[in-house]
Amino acid sequence: KIADRHRRHNLIVQAIAAILESKTEELFENPFDCLAICGDSGILVEVKSLDGTPQDEKSRVQEALSQLLYYESFLINPDIQGKTVVKLACFESKISDAHIAWLNSMSINVLWKIEDGFSGDETAVEIIN
């Protein structure tokens, strides 16, 4: 199960990176899933796979929040210092409206995988499109 979950995670990261690569100047990974630099701003993406249970969703939402905030504060690439960083939490499927609202209140936009691409909150969809 762990290997399958990791595989699904990596496929989502690859899909996001492919979209961002065509829209940005530079793309980085490790330790974060994806950091795209475009002009005076950056897009920091953390991807989480889900097993469909409420407890797993709660854990993955908490992980996404903490990782994005930590990466922004301590591990961001020097090339983006002083630039605006948009934080995106991307999930394997739509999370609860309460979790979306909570992440949004923390200045984190939310995406989720759909069959033919991604959906999400208004700002996240605008960034991806």
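Refer to the structure above for everything that follows.
These notes cover the structure that comes with them.

Rules used in this analysis
- Residues numbered from 1 in each chain as written.
- Predicted model: local features only at pLDDT ≥ 70, side-chain atom pairs only at ≥ 80, totals over all residues.
- Heavy atoms only, no water.
- Helix = DSSP H or I, 4+ residues; strand = E, 2+ residues; numbered from the N terminus.
- Rg over C-alpha atoms; globule rule 2.2 N^0.38 Å.
- Buried < 20%, exposed > 50% of the residue type's maximum accessible area, 1.4 Å probe, protein only.
- Contact = heavy atoms within 4.5 Å.
- Areas by Shrake-Rupley, 256 points an atom, 1.4 Å probe, with all protein chains shown as cover.
- Lys, Arg positive; Asp, Glu negative; His and termini not counted.
- Charge placed at Lys NZ, Arg CZ, Asp CG, Glu CD.
- Pairing = 2+ DSSP bridges.
- Axes fitted to C-alpha atoms, helices over the stretch in contact; angles between N-to-C directions.
- Core = buried A, V, L, I, M, F, W, Y, C linked by side-chain atoms within 4.5 Å.
- Salt bridge = Lys/Arg side-chain N within 4 Å of Asp/Glu carboxyl O.

Turning our eyes to something else, we now look at the overall build of the protein. A count of helical and extended segments in the protein gives four helices and six strands. Scanning the protein from its N terminus toward the C terminus, one meets helices and strands in the order α-β-β-β-α-β-α-β-β-α. For a compact globule of 129 residues, the expected C-alpha radius of gyration is about 14 Å, and the protein comes in at 14 Å, within 12% of that figure. Taking the principal axes of its C-alpha atoms as reference, the protein extends roughly 40 × 25 × 25 Å. A total of 129 residues make up the protein; the buried ones form 43% of that total. Expressed as a percentage of contacts within the protein between residues at least 6 apart in sequence, the contacts between residues at least 24 apart total 49%. Total accessible area on the protein is roughly 7000 Å²; 51% of this is exposed by carbon and sulfur atoms. In the protein, the 12 positive side-chain charges and the 21 negative ones have mean positions that sit 7 Å from each other.

Below, the discussion takes up the sheet that holds strand β3 (residues 41-48). Spatial ordering of the open sheet is given by β1-β2-β3-β4-β5-β6, a layout of six strands whose pairing is mixed. Two strands lie at the open edges of the sheet, namely β1 (26-28) and β6 (117-120), each paired on one side alone. When strand polarity is set aside, the average angle formed by the axes of neighbouring strands in this sheet is 25 degrees. Bridge count for β1 against strand β2 (residues 34-38) is three bridges, and the pairing is antiparallel. When the sheet's bridge partners are listed, Glu26 is paired in β2 with Ile37. Sheet strands touched by helix α1 (residues 2-21): β1, β2, β3, β4 (84-91), β5 (108-114) and β6. Its angle to β3, the strand with the most contacts, is close to 160 degrees.

Proteins that are soluble and globular tend to have nonpolar side chains buried together. Counting residues in each nonpolar core, the largest one holds 18 residues, and the members touching the most others are Leu44, Ala89, Phe91, Ile95, Leu103, Ile108 and Val110. Among the elements of the structure, α2 (54-75), β4, α3 (97-105) and β5 are those that each provide at least two residues to this core. With five residues, α2 is the largest single contributor of residues to this core. The contact partners of Phe91, leaving out residues within four places of it in the chain, are Lys48, Leu50, Arg60, Val61, Ala64, Leu103, Val110, Leu111, Trp112 and Lys113. With 16 residues, the next largest nonpolar core counts Leu20, Ala36, Phe118 and Ala124 among its residues.

The next thing to look at is the pattern of salt bridges. Tallied over the full model, the rule gives ten salt bridges. Ionic pairing is found between Arg5 and Asp56, a salt bridge with its closest N-O pair at 2.7 Å. Of the two residues, Arg5 is situated in helix α1 and Asp56 in helix α2; the sequence distance between them amounts to 51 residues. Here the salt bridges do not stand alone but share partners, grouping Arg5, Glu46, Lys48, Asp56, Arg60 and Glu63 into one network.

What follows is about unusual backbone geometry. Between Asn30 and the following residue, Pro31, the backbone shows a cis peptide bond with an omega angle of 15 degrees. With respect to the helices and strands, Pro31 occurs in the loop between β1 and β2. Here Asn30, not a glycine, exhibits a phi torsion of approximately 65 degrees, which is positive. Following the sequence through the fold, Asn30 ends up in the loop between β1 and β2. On the basis of relative accessibility, which here comes to 65%, the residue Asn30 falls in the exposed class. Phi is positive for Ser107, close to 65 degrees, though the residue is something other than glycine. Counting through the fold element by element, Ser107 comes out in the loop between α3 and β5.

So far we have only geometry, and geometry alone does not tell us how the molecule works.
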